Amino acid sequence: MKIEDIIDQINFRSNPKSALYFELFIQNLLKLHLEKQGKQFISDYVIDGNRLDGYSTNGIGNYEGPVAFEIKYTHRYNPMIMRYTVRQLTGILDSEKIKHMILIYPADSDKMRYFLRNENPKLILWGITEINGLIDANKEEAEYITNSLFKLEIKKELNRRDNDWKKSREELLTSVKKAYKKGNISLLLGAGVSCSAGLPNWKTLLNSLYTNFVNKIFNDDTVDDDTIKAITNKFIEINNNSTLAIARYLKAGLSQKDDDIMFISAVKDALYSSQRTSSPLIESITNLCIPKRSGAKVKSIITYNFDDLIEESLSKVKLEYKTIYRDEEQHDSDELPIYHVHGFIPGRESFDREASLVFSEEAYHKVYSEPYHWSNLVQLATLRENNCLMIGLSLSDPNLRRLLEIAAQKQSKNCRHYAFIQRLSNDSLIDDSSCVKINEASVNKILQTHHIIQEKMMESLGTRVIWFEDYSEIPVLLDEIRK
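What you see is a predicted model; the values in this text were computed from it and never measured. (Residues numbered from 1 in each chain as written. Predicted model: local features only at pLDDT ≥ 70, side-chain atom pairs only at ≥ 80, totals over all residues. Heavy atoms only, no water.)

K.L.:
Got a minute to help me understand the pattern of salt bridges in this structure?
P.N.:
Charged atoms that come close allow side chains of opposite charge to pair. Applying the stated criterion across every chain, the model contains 13 salt bridges. Between Asp-136 and Lys-2 there is a salt bridge, with its nearest N and O atoms 3.2 Å apart. Placement of the pair is Asp-136 in helix H5 (residues 128-136) and Lys-2 in the segment before helix H1 (3-9), with a sequence separation of 134 residues. Take Asp-136: its relative accessible area is 35%, and that puts it in the partly exposed class. The class for Lys-2 is partly exposed, based on a relative accessible area of 35%. One salt bridge in this structure joins Glu-329 and Lys-322, with 3.6 Å as the shortest N-O distance. Residue classification places Lys-322 among the partly exposed positions, given a relative accessible area of 26%. Salt bridges here are not isolated pairs; linked through shared partners, they connect Asp-44, Arg-51 and Asp-53. (Salt bridge = Lys/Arg side-chain N within 4 Å of Asp/Glu carboxyl O. Helix = DSSP H or I, 4+ residues; strand = E, 2+ residues; numbered from the N terminus. Buried < 20%, exposed > 50% of the residue type's maximum accessible area, 1.4 Å probe, protein only.)

Structural data, given as structure tokens:
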């Protein structure tokens, strides 16, 4: 194994994390190499406020300590980058804490070596030859490190995190504000938005439909609510908590088609069975959509909900919009398009008898398998062209995740989307009624690891996580974006 092979393996030229992975590989290889010699290697060492990639008080090879290490990632020699690097390192090289500085740079050349020798004799270049010599001396370790880079990335994050996730959140909100100011934001809304206004969540909706189904079967015989609730919960458990499978079961009992009038009527009755109210979250979303003097800031809304709560709220502030729930619909330039990609059931108006719902498992499979379905095209175009802010979404929808991944492949250099996700707390993992004693420090570390992995997973889908602890925080954060 040579460094050239390792660079190919970590996708050196196109993977946005390749620079990080190259640094992780070299740091861990140096650490294991020096441990064999009874020496210590310290990653991310700070001298006079400057972070170095590595430090060894005992030196390495023919170079007596203390030795500092700086790792630079590139696939070819760039004189401008090299001059900038040397200028950055000049102050550190004057420190008494460093006898030698080893610059690890996998694109060395004779010109580069000559340049460094003339700049500072304390600055030593390790290029392809020296890196491969290090790999040859530690073949097994090098292979292990190469195959463990993601794990090592998580470990590094755990070691250096200060747990100030709220500070990181402020930085992300600043990025969202910039996109909003440019008028390049699209909103993706999930069930959490509708639930904030009192509409039923998915499980409650299924419960209501099951009541309808039972009453249809038994006609005038009454089955009490507790029995229905208990049986519904059992059905969900039997189906491995698959709400789509339960929806398919109920639709089969209520109707045979997703566009059947009786079936959509049953869903409408269940959806609007509770009192319709506004909510601080919907009001904040509405405020984001109100144009400013410089023009509209929200380009479009994609909602995965059937209801018209957003439309109702926008009507109150007299904002022009267009509800789109099938391929034939178009919007004018002065209208805010609201795409109901899973279907639309208005609360106070009659529903479209020709419309269909993406409600049950078979309807979902149909959309999933048709790449040119209008809803897939709308979502993919939005994800590719705009910065998307996801609100009230669990992000467990495999079709949305598939579309995010496709869009991310075209935008491999950065994460352009943002999602509000609730952080897990200790209480959510520790059960006071349990007889098993759980170490709180261990729980904290597990939670920290979970949050880091979730961030990395979402980054692979081109999305940055905006953490919150309580749902009441989201309207406040949205108002901050609008300021």
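K.L.:
Which parts of the structure should I look at to understand the layout of surface pockets?
P.N.:
If a probe the size of a water molecule is rolled over the atoms, the empty space left behind becomes visible. Taken as a whole, the largest pocket encloses approximately 1200 Å³ of empty space. Lining the largest pocket are 39 residues, and of these Ala-191, Trp-202, Gly-392, Ser-394 and Ser-396 lie nearest its centre. When residues of the lining of the largest pocket are traced back to their parent elements, those giving at least two are helix H9 (191-195), helix H10 (202-218), helix H12 (243-254), helix H18 (398-410), strand E11 (417-422) and helix H20 (440-459). No other element matches H9, which puts 4 residues into the lining of the largest pocket. A breakdown of the residues in the lining of the largest pocket according to their chemical character gives 24 nonpolar, 12 polar and 3 charged. (1 Å grid on protein atoms, 1.4 Å probe; cavity = no way out; pocket = protein on both sides within 12 Å on 5 of 7 lines; lining within 4 Å. Points joined across faces, edges and corners; volume = space filled by probe spheres on them. Nonpolar A, V, L, I, M, F, W, Y, C, P; charged D, E, K, R; others polar.)

K.L.:
Teacher, can you tell me more about helix H4 (residues 110-119) here?
P.N.:
The α-helix winds at 3.6 residues per turn, so residues separated by three or four positions along the chain end up facing the same way. When we look at burial in H4, the residues that qualify are Met-112, Phe-115 and Leu-116. With its buried residues spanning 95° around the axis, H4 presents them on a single face. In H4, the exposed positions that point more than 90 degrees away from the buried face belong to Asp-110, Tyr-114, Arg-117 and Asn-118. Looking at the buried positions of H4, the neighbouring elements they touch are helix H3 (79-93), strand E4 (100-104) and strand E5 (123-126). (Arc of directions from axis to C-beta. Contact = heavy atoms within 4.5 Å.)

K.L.:
What should I look at first to understand the packing of aromatic side chains in this one?
P.N.:
Two numbers describe a pair of aromatic rings. These are the distance of the centres and the angle of the planes. If you walk through the whole model with that rule in mind, you get 4 aromatic pairs. Between the aromatic rings of Tyr-45 and Tyr-55, the centroid separation amounts to 4.0 Å while the plane-to-plane angle is 5°, which identifies the pairing as stacked. Of this pair, Tyr-45 sits in strand E1 (residues 42-47) while Tyr-55 is found in strand E2 (residues 50-56), placing the two residues 10 residues apart along the sequence. Take Tyr-45: its relative accessible area is 25%, and that puts it in the partly exposed class. Between the NZ or CZ atom of Arg-402 and the centre of the ring of Tyr-368, over which it lies, the distance is 5.1 Å. Positioned above the aromatic ring of Trp-467, the side-chain terminus of Arg-423 is 5.1 Å from the ring centre. (Phe/Tyr/Trp six-rings, centres within 6.5 Å; stacked < 30°, edge-to-face > 60°. Lys NZ or Arg CZ within 6 Å of the ring centre and 35° of its normal.)

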